[in-house]
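Examining the three-dimensional arrangement
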Amino acid sequence: MSELKSAWEIAQERANRLGKLSAEEKEQQERQEYRQTGQVLAQKWLDSSQKLDMTAELNKHEEKEGDIIKQAVIEHLVEAIELTTTQGINRLKRVIEAISSLRPELQPKAEEIGQLVQEYEGAEQKIRQELEGNYRETLHQLRISGTAVDIINIETDHQWHLARQGLIEAFTPRLNDLKQALTR
């Protein structure tokens, strides 16, 4: 009867049959680990309400791995920039600040994204005001007035969703171009 082997022994035998990793494969594996560390760090920064000292976190690593981690942090922060949610827009200033502090040479492009988002918010506000004005006029024509209609919630309106989606589609290509410029 053959001897029983532990899972570790079986795995070790299989690993030995496959051979050792080449230097290139080891380096690639290390790079992937550093990139994951950077993504985790960026997500931790995005999720925290307090200021996380990104520079101090990166200084805990050697220069080579720190550069890989820093690039992964920047890429993850850039992915977090979006027009679709209020939360995404609200967190944009923090993201721009973080990217600019990590790589000062990226500050002009990061500020361009900030300007684009401000432009988007202005266009969104204009559409909101137009729709609210239209609803007020309709209510006035129906002789409905008073404090009951002071605040009009257009968030549930189909026209609002269509207008906002059109706005997002118009601004997204420019935003994506700027985001790509940040990650190059």
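Below is a summary of the structure that appears in this document. This is a predicted model, so every value here is computed, not measured.

**Quick look at the packing of aromatic side chains**
The full count for this structure, using the stated rule, is one aromatic pair. Consider the rings of Y120 and F171, whose centres lie 5.5 Å apart with planes at 80°: the pair is edge-to-face. Here Y120, found in helix 7 (residues 107-141), pairs with F171, found in helix 8 (residues 158-183); they are 51 residues apart in sequence, far enough to count as distant. You can call F171 buried: its relative accessible area is 7%. Over the face of the ring belonging to W45 we find R94, whose NZ or CZ atom lies 4.3 Å from the ring centre. The cationic tip of R128 hangs over the ring face of W160; the distance from NZ or CZ to the ring centre is 4.6 Å.

**Some words on the nonpolar core**
Counting residues in hydrophobic clusters, the biggest one holds 36 residues, and the most contacted among them are W45, V73, L77 and I113. When contributions to this core are tallied by element, the ones reaching two or more residues are helix 2 (23-47), helix 3 (54-59), helix 4 (63-79), helix 6 (92-102), helix 7 and helix 8. Other than its neighbours up to four places away in sequence, I113 contacts I81, L92, I96, L175, L178, K179 and L182.

**Here we look at a negative patch on the surface**
A cluster of acidic residues, E24, E25, E27, E30 and E33, forms a negative patch at the surface. Structurally, the position occupied by E30 is in helix 2.

Each value, and the rule that gives it
- Residues numbered from 1 in each chain as written.
- Predicted model: local features only at pLDDT ≥ 70, side-chain atom pairs only at ≥ 80, totals over all residues.
- Heavy atoms only, no water.
- Phe/Tyr/Trp six-rings, centres within 6.5 Å; stacked < 30°, edge-to-face > 60°.
- Helix = DSSP H or I, 4+ residues; strand = E, 2+ residues; numbered from the N terminus.
- Buried < 20%, exposed > 50% of the residue type's maximum accessible area, 1.4 Å probe, protein only.
- Lys NZ or Arg CZ within 6 Å of the ring centre and 35° of its normal.
- Core = buried A, V, L, I, M, F, W, Y, C linked by side-chain atoms within 4.5 Å.
- Contact = heavy atoms within 4.5 Å.
- Patch = residues over 30% accessible without salt bridge, like charges linked within 9 Å, V, L, I, M, F, W, Y side chains within 5 Å.
- Areas by Shrake-Rupley, 256 points an atom, 1.4 Å probe, with all protein chains shown as cover.
- Salt bridge = Lys/Arg side-chain N within 4 Å of Asp/Glu carboxyl O.
- Lys, Arg positive; Asp, Glu negative; His and termini not counted.
- Charge placed at Lys NZ, Arg CZ, Asp CG, Glu CD.

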